[in-house]
Amino acid sequence: ETISMFCSATDYELCEEGAQKWAKSSGNEVKINRTPQNLDDAIPIYQQLFASKSADVDLLYVDVIWLGMMKDHFSDLVSLVPEAEVKAHFASATDAARIDDKLVAMPFYIDTGLMFYRKDLLEKYGKQAPKTWDELTATAKEIQDGERKAGNADMWGYAWQGRSYEGLTCDAVEWIAAGGGGTILSDKGEVTINNPATVAALTRARGWIDTISPKGVLNYDEESSRALFESGNAVFHRNWPYVWGTSQAQGGKLVDKVGVSALPIGADGQKSSGALGTAYLAVSKYSAKQEKAAELLRYMVGLEDQKMRAIKGGYNPTVEALYTDADVLAKIPFMPMAKAAFEESVARPSAATGKNYNRVSRTFYRAVHDIISGTGDVAEEVAQLEKKLKRDVKAN
Ligand SMILES: OC[C@H]1O[C@H](O[C@H]2O[C@H](CO)[C@@H](O)[C@H](O)[C@H]2O)[C@H](O)[C@@H](O)[C@@H]1O
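Presented here is an overview of the structure given in this document. Owing to the predicted nature of the structure, the values given are computational and were not obtained by experimental measurement.

Time to look at the packing of helix 9 (residues 196–208) against helix 18 (residues 378–394). Relative orientation of the contacting elements helix 9 and helix 18 amounts to 120°, with a least axis distance of 9 Å. Taken together, the axes of helix 9 and helix 18 lie oblique to each other. For the element pair helix 9 and helix 18, the recorded crossing hand is right-handed. Of the residues in helix 18, those in contact with Thr198, Val199, Leu202, Thr203 and Arg206 of helix 9 are Val378, Ala379, Glu381 and Val382. The residue inventory of the contact of helix 9 with helix 18, partitioned by class, reads five nonpolar, two polar and two charged.

With that settled, consider the site of the ligand. Around the ligand sit 17 residues, and of these Asp63, Tyr109, Asp111, Glu222 and Arg348 come closest. Within the side chain of serine 8, one N or O atom sits 2.9 Å away from an oxygen atom of the ligand. The contact in question runs from an oxygen atom of the ligand to an N or O atom on the backbone of glycine 277, over 2.9 Å. Bound to the protein, the ligand loses 97% of the 480 Å² it would expose on its own. Sorting the residues of the shell around the ligand by element identifies strand 3 (59–63) and helix 8 (166–178) as the ones contributing at least two each. Its residues assigned to classes, the shell around the ligand shows seven nonpolar, four polar and six charged.

Take the state of the cysteines next. A complete count under the given rule lists one disulfide for this structure. Paired by a disulfide, cysteine 7 and cysteine 15 hold their sulfur atoms 2.0 Å apart. On the S-S bond that ties cysteine 7 to cysteine 15, the torsion sits near -70°, and the link is left-handed. Here cysteine 7 and cysteine 15 have matching classes, each one buried. The thiol sulfur of cysteine 170 is not disulfide-bonded, and the nearest other cysteine sulfur, from cysteine 15, lies at 20 Å.

Turning our attention to the environment of glutamate 381. Structurally, the position occupied by glutamate 381 is in helix 18. What makes glutamate 381 partly exposed here is its relative accessible area of 22%. Excluding residues within four positions of it along the chain, glutamate 381 makes contact with Arg206, Asp370, Ile371 and Gly376.

In terms of burial, strand 9 (residues 234–239) is a largely internal element, six of the six residues being buried. Both strand 7 (residues 114–118) and strand 9 contribute to a ladder of four bridges, which runs antiparallel. From the neighbouring strand, phenylalanine 116 faces strand 9, where its bridge partner is histidine 237.

Turning to the environment of tryptophan 208, a few remarks are in order. Assignment of secondary structure puts tryptophan 208 in helix 9. In sequence terms tryptophan 208 and glycine 157 are 51 residues apart; their C-alpha atoms lie 9.0 Å from each other. Those residues in contact with tryptophan 208 that lie beyond four places of it in its chain are Trp133, Thr137, Tyr158, Trp160, Trp175 and Ser213.

The subject of this paragraph is the pattern of salt bridges. Side-chain pairs of opposite charge can arise where the charged atoms are in close proximity. All chains considered together, the criterion is met by 29 salt bridges. Taken together, the shared-partner salt bridges in this structure form one network comprising Lys71, Asp72, Asp100 and Lys355.

Here is what the cut-offs are and how they apply
- Residues numbered from 1 in each chain as written.
- Predicted model: local features only at pLDDT ≥ 70, side-chain atom pairs only at ≥ 80, totals over all residues.
- Heavy atoms only, no water.
- Axes fitted to C-alpha atoms, helices over the stretch in contact; angles between N-to-C directions.
- Helix = DSSP H or I, 4+ residues; strand = E, 2+ residues; numbered from the N terminus.
- Parallel < 35°, antiparallel > 145°, perpendicular 65-115°, else oblique.
- Left-handed = near helix turned anticlockwise from the far one by under 90°.
- Contact = heavy atoms within 4.5 Å.
- Nonpolar A, V, L, I, M, F, W, Y, C, P; charged D, E, K, R; others polar.
- Near = heavy atom within 4 Å.
- Polar contact = N/O pair within 3.5 Å; in protein donor to acceptor, adjacent residues only side chain to side chain.
- Areas by Shrake-Rupley, 256 points an atom, 1.4 Å probe, with all protein chains shown as cover.
- Disulfide = S-S within 2.5 Å.
- Buried < 20%, exposed > 50% of the residue type's maximum accessible area, 1.4 Å probe, protein only.
- Pairing = 2+ DSSP bridges.
- Salt bridge = Lys/Arg side-chain N within 4 Å of Asp/Glu carboxyl O.

See below:
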């Protein structure tokens, strides 16, 4: 049989490797579709498939924030995946996919926002990995200026995701939550954005533009910000765990020069707040090959494939046993820290918004983009954002 699936663009090669391994060993075939590079653009493609109840795709790559939005189009995996296999994963990751008494997807890898930094440069300047966002700002500036003076005119302090898209929602929620300003909406769906911590966090981020981050950061996504860091021209870089895999790949400029930490906190007593970005696989309700698709899903979320992905790509497993696996630990020495960062991570408000998440997030990231690229009064713009979000929430 041929199973057709979607793999995410950033993660394509390893996703394909796992799927082909299953195909070969099980005597089946896989046809792999690549999501657009900007994952947001996969949403309308999926929506079209669902609207036409298309059987063209059997297995779907699913971002954690889509679970509530797309749940009605996914098969219930309770009868397709044995409970013992479900239990091998972090309960928080599988619990997020238990909706309306169904198990609508299985976790594939954990994404938590992390801070990558130039270990060699921090050592050279006698600095530690920064504890707070203010410390990061100061250290980034000091090292950037020092390196420029020493002859590298292209050096920047901080590379992150400032483009107007879902990635900016992640970055901005991290800055705001780390200062105690919440996650846009409360668990109950009330808009909580209009508070002093939001204003302070966005004011600080605006101050990074053209001081420690190039103006171009306002158009950076994961891959373009990673390119700046991996070219050797940024001291700090916020991204997902896969950057460990890419930056430490043989032949790269930064092999043995990178450190990884949890994201900074706002101030003493507050907690690091990496955005939670777990990826899932789901079987389409419209697939004519439910059982076979579930077999492929079981292989790809299982220990063997997750181990391969961790070792070759730095992807953080959702299978708990892999956090004490010697081969994995040898390749990803910061695994215990990544686990703690995952446990402290903050979820975007997709559970509270359900089908309305996309609208809420779009309003949020567009406003954040305007604020950090503009010169207006931040408190006033946050008050306007609150009004817009209240309208979005009501429209649900
Ligand atoms: O880690 C690799 C993945 O990175 C992106 O996904 C992450 O960022 C998204 C926002 O840009 C976020 O919504 C998601 O939850 C995160 O996992 C990228 O979009 C993926 O294709 C990629 O595999």
